[in-house]
Amino acid sequence: TIEVDGKKYQSNSLSIKVIKAENQSAAAQQGSSGGTTTGIVGNEDLFITMQANKKSVYQNQPILVTTKIYTRVNLEGISDIQYPSFRSFIAEDLSGNDNIDWTLENINGRTYRVGTYNQKILFPQRSGTLKIEPISIEFLVRIRNTRQSSNIFDSFFDTYRTVKKTVSSKELTINVKPLPQPQPDNFSGFVGSLNMSVTVSQKNAKVNDGITVKTVLSGTGNLKVA
(Lines give C-alpha, C1' and ligand atoms only; values in the text may rest on other atoms or scores of the structure.)
Protein backbone atom coordinates (compact mmCIF):
# COMPACT_ATOMS: atom_id res chain seq x y z
CA THR A 1 0.00 0.00 0.00
CA ILE A 2 1.31 3.43 -0.93
CA GLU A 3 -0.06 6.94 -0.48
CA VAL A 4 0.24 9.51 -3.27
CA ASP A 5 -1.12 13.04 -2.87
CA GLY A 6 -3.24 11.96 0.07
CA LYS A 7 -4.77 8.99 -1.78
CA LYS A 8 -4.00 5.38 -0.90
CA TYR A 9 -3.33 2.75 -3.55
CA GLN A 10 -3.34 -0.95 -2.75
CA SER A 11 -2.04 -3.87 -4.80
CA ASN A 12 -3.48 -7.34 -4.96
CA SER A 13 -2.39 -9.97 -2.44
CA LEU A 14 -0.38 -13.12 -3.16
CA SER A 15 -0.75 -16.61 -1.70
CA ILE A 16 2.39 -18.76 -1.43
CA LYS A 17 2.09 -22.52 -0.92
CA VAL A 18 5.12 -24.00 0.87
CA ILE A 19 5.53 -27.73 0.37
CA LYS A 20 7.71 -30.25 2.16
CA ALA A 21 11.21 -30.57 0.76
CA GLU A 22 11.54 -33.48 -1.64
CA ASN A 23 13.81 -36.45 -1.10
CA GLN A 24 15.91 -36.31 -4.24
CA SER A 25 17.01 -39.55 -5.84
CA ALA A 26 20.67 -40.04 -6.69
CA ALA A 27 19.83 -39.58 -10.35
CA ALA A 28 18.18 -36.23 -9.79
CA GLN A 29 20.67 -34.58 -7.42
CA GLN A 30 22.02 -31.49 -9.12
CA GLY A 31 25.47 -29.96 -8.83
CA SER A 32 26.06 -26.22 -8.82
CA SER A 33 26.50 -26.31 -12.60
CA GLY A 34 23.62 -28.70 -13.26
CA GLY A 35 23.68 -32.30 -14.39
CA THR A 36 23.03 -35.52 -12.49
CA THR A 37 25.63 -37.18 -10.31
CA THR A 38 25.23 -40.57 -12.01
CA GLY A 39 24.80 -41.80 -15.56
CA ILE A 40 21.21 -42.88 -14.85
CA VAL A 41 18.28 -40.63 -15.75
CA GLY A 42 15.12 -42.17 -14.36
CA ASN A 43 11.66 -42.00 -15.90
CA GLU A 44 10.55 -39.84 -12.98
CA ASP A 45 13.32 -37.33 -13.75
CA LEU A 46 12.39 -36.66 -17.39
CA PHE A 47 9.12 -37.32 -19.20
CA ILE A 48 6.74 -35.78 -21.74
CA THR A 49 2.95 -35.60 -22.01
CA MET A 50 0.61 -35.15 -24.96
CA GLN A 51 -2.85 -33.86 -24.04
CA ALA A 52 -5.96 -32.91 -26.00
CA ASN A 53 -8.38 -30.22 -24.88
CA LYS A 54 -11.29 -32.39 -26.10
CA LYS A 55 -11.69 -36.17 -26.24
CA SER A 56 -15.13 -36.22 -27.90
CA VAL A 57 -15.82 -34.06 -30.98
CA TYR A 58 -17.74 -33.99 -34.24
CA GLN A 59 -16.06 -34.71 -37.54
CA ASN A 60 -13.89 -31.72 -38.62
CA GLN A 61 -14.29 -30.04 -35.20
CA PRO A 62 -10.90 -28.63 -34.08
CA ILE A 63 -8.87 -30.26 -31.29
CA LEU A 64 -5.91 -28.58 -29.55
CA VAL A 65 -3.09 -31.06 -28.79
CA THR A 66 -0.30 -29.83 -26.49
CA THR A 67 3.05 -31.56 -25.86
CA LYS A 68 4.87 -30.64 -22.63
CA ILE A 69 8.30 -31.49 -21.24
CA TYR A 70 8.80 -32.23 -17.53
CA THR A 71 12.42 -32.32 -16.37
CA ARG A 72 14.50 -32.40 -13.19
CA VAL A 73 17.79 -32.74 -15.07
CA ASN A 74 19.90 -30.43 -17.20
CA LEU A 75 18.89 -30.63 -20.86
CA GLU A 76 21.42 -29.66 -23.53
CA GLY A 77 19.14 -30.18 -26.49
CA ILE A 78 17.14 -32.61 -28.61
CA SER A 79 18.78 -35.04 -31.03
CA ASP A 80 15.76 -36.82 -32.54
CA ILE A 81 11.95 -36.55 -32.64
CA GLN A 82 9.39 -39.07 -33.83
CA TYR A 83 6.03 -37.34 -34.38
CA PRO A 84 2.71 -39.17 -34.63
CA SER A 85 1.47 -39.73 -38.18
CA PHE A 86 -1.89 -38.06 -37.40
CA ARG A 87 -3.70 -40.45 -39.72
CA SER A 88 -7.31 -39.39 -40.38
CA PHE A 89 -6.49 -35.84 -39.20
CA ILE A 90 -5.49 -32.57 -40.82
CA ALA A 91 -2.76 -31.14 -38.57
CA GLU A 92 -1.78 -27.48 -38.30
CA ASP A 93 1.30 -26.51 -36.26
CA LEU A 94 0.83 -23.55 -33.90
CA SER A 95 4.41 -23.41 -32.56
CA GLY A 96 5.91 -20.09 -33.57
CA ASN A 97 9.58 -20.55 -32.56
CA ASP A 98 12.04 -22.97 -31.00
CA ASN A 99 12.25 -21.12 -27.67
CA ILE A 100 10.57 -22.83 -24.71
CA ASP A 101 9.24 -20.79 -21.79
CA TRP A 102 9.90 -22.79 -18.62
CA THR A 103 7.88 -22.69 -15.41
CA LEU A 104 8.16 -24.57 -12.11
CA GLU A 105 5.52 -27.11 -11.13
CA ASN A 106 5.26 -29.47 -8.16
CA ILE A 107 4.03 -33.00 -8.91
CA ASN A 108 3.72 -35.55 -6.10
CA GLY A 109 6.25 -33.69 -3.98
CA ARG A 110 8.80 -33.28 -6.80
CA THR A 111 9.66 -29.96 -8.43
CA TYR A 112 9.89 -29.97 -12.22
CA ARG A 113 10.78 -27.46 -14.87
CA VAL A 114 7.86 -27.57 -17.28
CA GLY A 115 7.83 -26.23 -20.83
CA THR A 116 5.33 -26.38 -23.69
CA TYR A 117 7.23 -27.94 -26.57
CA ASN A 118 4.59 -28.06 -29.28
CA GLN A 119 0.93 -27.27 -30.00
CA LYS A 120 -1.11 -28.50 -32.95
CA ILE A 121 -4.68 -28.05 -34.12
CA LEU A 122 -6.16 -31.29 -35.45
CA PHE A 123 -9.25 -31.64 -37.63
CA PRO A 124 -10.61 -35.23 -37.69
CA GLN A 125 -11.60 -36.24 -41.21
CA ARG A 126 -13.76 -39.26 -40.37
CA SER A 127 -15.94 -40.47 -37.53
CA GLY A 128 -15.18 -43.32 -35.13
CA THR A 129 -12.62 -44.03 -32.42
CA LEU A 130 -9.35 -42.53 -33.67
CA LYS A 131 -5.93 -43.17 -32.16
CA ILE A 132 -3.05 -40.68 -32.05
CA GLU A 133 0.30 -42.44 -31.64
CA PRO A 134 2.73 -41.31 -28.90
CA ILE A 135 5.33 -38.67 -29.63
CA SER A 136 8.91 -39.79 -28.92
CA ILE A 137 11.79 -37.39 -28.18
CA GLU A 138 15.47 -38.20 -27.71
CA PHE A 139 17.04 -35.67 -25.32
CA LEU A 140 20.67 -34.79 -24.69
CA VAL A 141 21.21 -34.75 -20.92
CA ARG A 142 24.25 -33.30 -19.18
CA ILE A 143 25.77 -35.69 -16.61
CA ARG A 144 28.23 -34.65 -13.90
CA ASN A 145 30.92 -37.22 -13.08
CA THR A 146 31.72 -36.71 -9.40
CA ARG A 147 35.07 -37.97 -8.14
CA GLN A 148 34.96 -40.18 -5.06
CA SER A 149 37.46 -38.33 -2.90
CA SER A 150 37.68 -36.91 0.60
CA ASN A 151 39.54 -33.88 -0.73
CA ILE A 152 37.05 -30.98 -1.00
CA PHE A 153 39.13 -29.36 -3.75
CA ASP A 154 38.46 -32.29 -6.11
CA SER A 155 34.91 -30.99 -6.61
CA PHE A 156 36.38 -28.08 -8.56
CA PHE A 157 37.68 -30.53 -11.17
CA ASP A 158 34.50 -32.49 -11.83
CA THR A 159 33.99 -33.50 -15.45
CA TYR A 160 30.80 -33.63 -17.46
CA ARG A 161 29.49 -35.74 -20.28
CA THR A 162 26.34 -35.89 -22.37
CA VAL A 163 24.06 -38.93 -22.51
CA LYS A 164 20.97 -39.63 -24.61
CA LYS A 165 17.58 -40.32 -23.05
CA THR A 166 14.53 -41.24 -25.15
CA VAL A 167 11.09 -40.70 -23.67
CA SER A 168 7.63 -41.20 -25.14
CA SER A 169 4.19 -39.89 -24.27
CA LYS A 170 1.05 -41.98 -24.00
CA GLU A 171 -1.22 -42.36 -27.02
CA LEU A 172 -4.46 -40.39 -27.25
CA THR A 173 -7.91 -41.76 -28.07
CA ILE A 174 -10.39 -39.37 -29.67
CA ASN A 175 -14.08 -40.19 -30.11
CA VAL A 176 -15.24 -38.54 -33.34
CA LYS A 177 -19.00 -38.34 -33.87
CA PRO A 178 -20.50 -38.14 -37.39
CA LEU A 179 -22.17 -34.92 -38.46
CA PRO A 180 -25.94 -34.77 -37.89
CA GLN A 181 -28.05 -36.05 -40.78
CA PRO A 182 -29.49 -34.97 -43.09
CA GLN A 183 -26.98 -32.27 -43.96
CA PRO A 184 -28.29 -29.00 -45.44
CA ASP A 185 -27.86 -28.61 -49.20
CA ASN A 186 -25.67 -25.52 -48.74
CA PHE A 187 -23.44 -27.12 -46.06
CA SER A 188 -19.77 -26.56 -47.03
CA GLY A 189 -18.23 -28.98 -44.53
CA PHE A 190 -17.05 -26.24 -42.17
CA VAL A 191 -17.60 -27.03 -38.47
CA GLY A 192 -17.18 -24.26 -35.91
CA SER A 193 -18.02 -20.61 -35.39
CA LEU A 194 -17.23 -18.18 -38.20
CA ASN A 195 -17.25 -14.38 -38.24
CA MET A 196 -16.54 -12.08 -41.19
CA SER A 197 -15.85 -8.35 -41.10
CA VAL A 198 -15.22 -5.93 -43.99
CA THR A 199 -13.47 -2.57 -43.63
CA VAL A 200 -12.33 0.13 -46.08
CA SER A 201 -9.36 2.45 -45.83
CA GLN A 202 -11.56 5.52 -46.41
CA LYS A 203 -15.25 6.19 -46.84
CA ASN A 204 -14.91 9.51 -48.67
CA ALA A 205 -12.92 9.54 -51.89
CA LYS A 206 -12.59 11.41 -55.14
CA VAL A 207 -13.03 9.85 -58.57
CA ASN A 208 -10.09 7.53 -59.42
CA ASP A 209 -8.80 7.55 -55.83
CA GLY A 210 -7.67 4.12 -54.57
CA ILE A 211 -9.62 2.46 -51.74
CA THR A 212 -8.39 -0.62 -49.87
CA VAL A 213 -11.09 -3.13 -48.95
CA LYS A 214 -10.09 -5.60 -46.20
CA THR A 215 -12.05 -8.76 -45.42
CA VAL A 216 -11.22 -10.65 -42.19
CA LEU A 217 -12.39 -14.17 -41.33
CA SER A 218 -12.13 -15.23 -37.67
CA GLY A 219 -13.54 -17.90 -35.42
CA THR A 220 -13.01 -21.53 -34.51
CA GLY A 221 -12.66 -24.30 -37.07
CA ASN A 222 -10.62 -25.03 -40.18
CA LEU A 223 -10.68 -21.56 -41.76
CA LYS A 224 -8.82 -22.87 -44.82
CA VAL A 225 -11.97 -24.64 -46.01
CA ALA A 226 -14.38 -21.92 -44.95
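## Concerning the overall build of the chain
- Each helix and strand counted, the chain has zero helices and 15 strands in total.
- When the 226 residues of the chain are sorted by exposure, 28% land in the buried category.
- Residue pairs at least 24 apart in sequence account for 72% of intrachain contacts in the chain once pairs closer than 6 positions are excluded.
- Accessible area for the chain stands at about 15,400 Å²; split by element, carbon and sulfur atoms hold 48% of it.

## Thoughts on the sheet that holds strand β11 (residues 136-145)
- In spatial order, the strands read β6-β11-β12; together these three strands make up an open sheet with antiparallel pairing. Two strands close off the open sheet at either side, each with one partner strand: β6 (75-82) and β12 (159-168). With strand direction ignored, the average angle separating the axes of adjacent strands in the sheet is 25 degrees.

## Considering the environment of Arg87
- Looking at the element boundaries, Arg87 is found in the loop between β6 and β7 (89-93).
- What makes Arg87 exposed here is its relative accessible area of 57%.
- In this structure the C-alpha to C-alpha distance between Arg87 and Glu133, which are 46 residues apart in sequence, comes to 9.2 Å.
- A polar contact of 3.2 Å, which involves the side chain of Arg87, links it to the side chain of Ser85.
- For Arg87, the side chain forms a polar contact with the side chain of Glu133, separated by 2.9 Å.

## Comments concerning a nonpolar patch on the surface
- Nonpolar side chains collect at one region of the surface, where Leu194, Met196, Val198, Val200, Ile211, Val213 and Leu217 lie side by side and expose about 630 Å² of accessible area between them.
- The element best represented in the nonpolar patch is strand β14 (residues 193-200), accounting for four residues.
- On the secondary structure map, Val198 appears in strand β14.
- The class for Val198 is exposed, based on a relative accessible area of 52%.

## Digging into the packing of aromatic side chains
- All told, the structure shown has three aromatic pairs when counted by the stated rule.
- Judged by centre distance (4.8 Å) and plane angle (5 degrees), the ring pair of Phe47 and Tyr70 falls under stacked. With a gap of 23 residues between them, Phe47 in strand β3 (residues 46-52) and Tyr70 in strand β5 (residues 63-71) connect regions that are remote in the sequence.
- A relative accessible area of 24% means that Phe47 is categorised as partly exposed.
- Judged by its relative accessible area of 8%, Tyr70 is buried.
- Ring geometry for Tyr70 versus Tyr112: centroids 6.4 Å apart, planes at 80 degrees, classification edge-to-face. Remark: Tyr112 occurs in strand β9 (residues 110-124) and Tyr70 occurs in strand β5; sequence separation between them is 42 residues.

## Considering the side chain of Asn60
- By the element assignment, Asn60 lies in the loop between β4 (56-58) and β5.
- A residue is classified by how much of its surface remains accessible, and Asn60, at 12% relative accessible area, is buried.
- Within polar-contact distance, the side chain of Asn60 engages the side chain of Gln125 at 3.1 Å.

## Some words on the sheet that holds strand β13 (residues 172-177)
- Read from one edge to the other, the open sheet built from three strands follows the order β4-β13-β10, with strand pairing classed as mixed. Looking at the sheet topology across the chains shown, the edges are occupied by β4 and β10 (128-132). With strand direction ignored, the average angle separating the axes of adjacent strands in the sheet is 35 degrees.
- As paired strands, β10 and β13 are joined by five bridges and run antiparallel to one another. Paired with Leu130 across the strands is Ile174, a residue of β13.

Thresholds, definitions, all that
Counting starts from 1 at the beginning of each chain's written sequence and moves along it residue by residue. In view of the model being predicted, local features appear only for residues whose pLDDT reaches at least 70, and side-chain atom pairs are presented and counted only at 80 or more, with totals across whole chains, interfaces and linings using the full set of residues. Hydrogens and waters are ignored; side-chain quantities use all the structure's heavy atoms. Only DSSP runs of H or I reaching four residues or more are called helices, and only runs of E reaching two or more are called strands; each is numbered from the N terminus. With a 1.4 Å probe rolled over the protein chains alone, any residue whose accessible area is under 20% of its type maximum counts as buried; one over 50% counts as exposed, and the rest are partly exposed. Contacts are assigned to residue pairs with any non-hydrogen atoms lying within 4.5 Å of each other. Here the open area of atoms and residues is found with the Shrake-Rupley method and a 1.4 Å probe, where only the protein chains shown may cover a residue. Criterion used throughout: strands pair if DSSP finds at least two bridges between them. Every axis in this analysis is a line fitted to C-alpha atoms, fitted for helices over the stretch in contact. Angles between the N-to-C directions lie between 0 and 180 degrees. What qualifies as a polar contact is a pair of N or O atoms within 3.5 Å, subject to a donor-acceptor requirement within protein and to the restriction that residues adjacent in sequence count only when both atoms come from side chains. Exposure above 30% relative accessible area and the absence of a salt bridge qualify a residue for a patch, where like charges join within 9 Å and nonpolar side chains (Val, Leu, Ile, Met, Phe, Trp, Tyr) within 5 Å. The term salt bridge refers to a side-chain nitrogen of Lys or Arg lying within 4 Å of a carboxyl oxygen of Asp or Glu. Two aromatic rings, drawn from Phe, Tyr or Trp (for Trp, its six-membered ring), form a pair once their centres lie within 6.5 Å of each other, and the interplanar angle then sorts them: stacked below 30 degrees, edge-to-face above 60, tilted otherwise.

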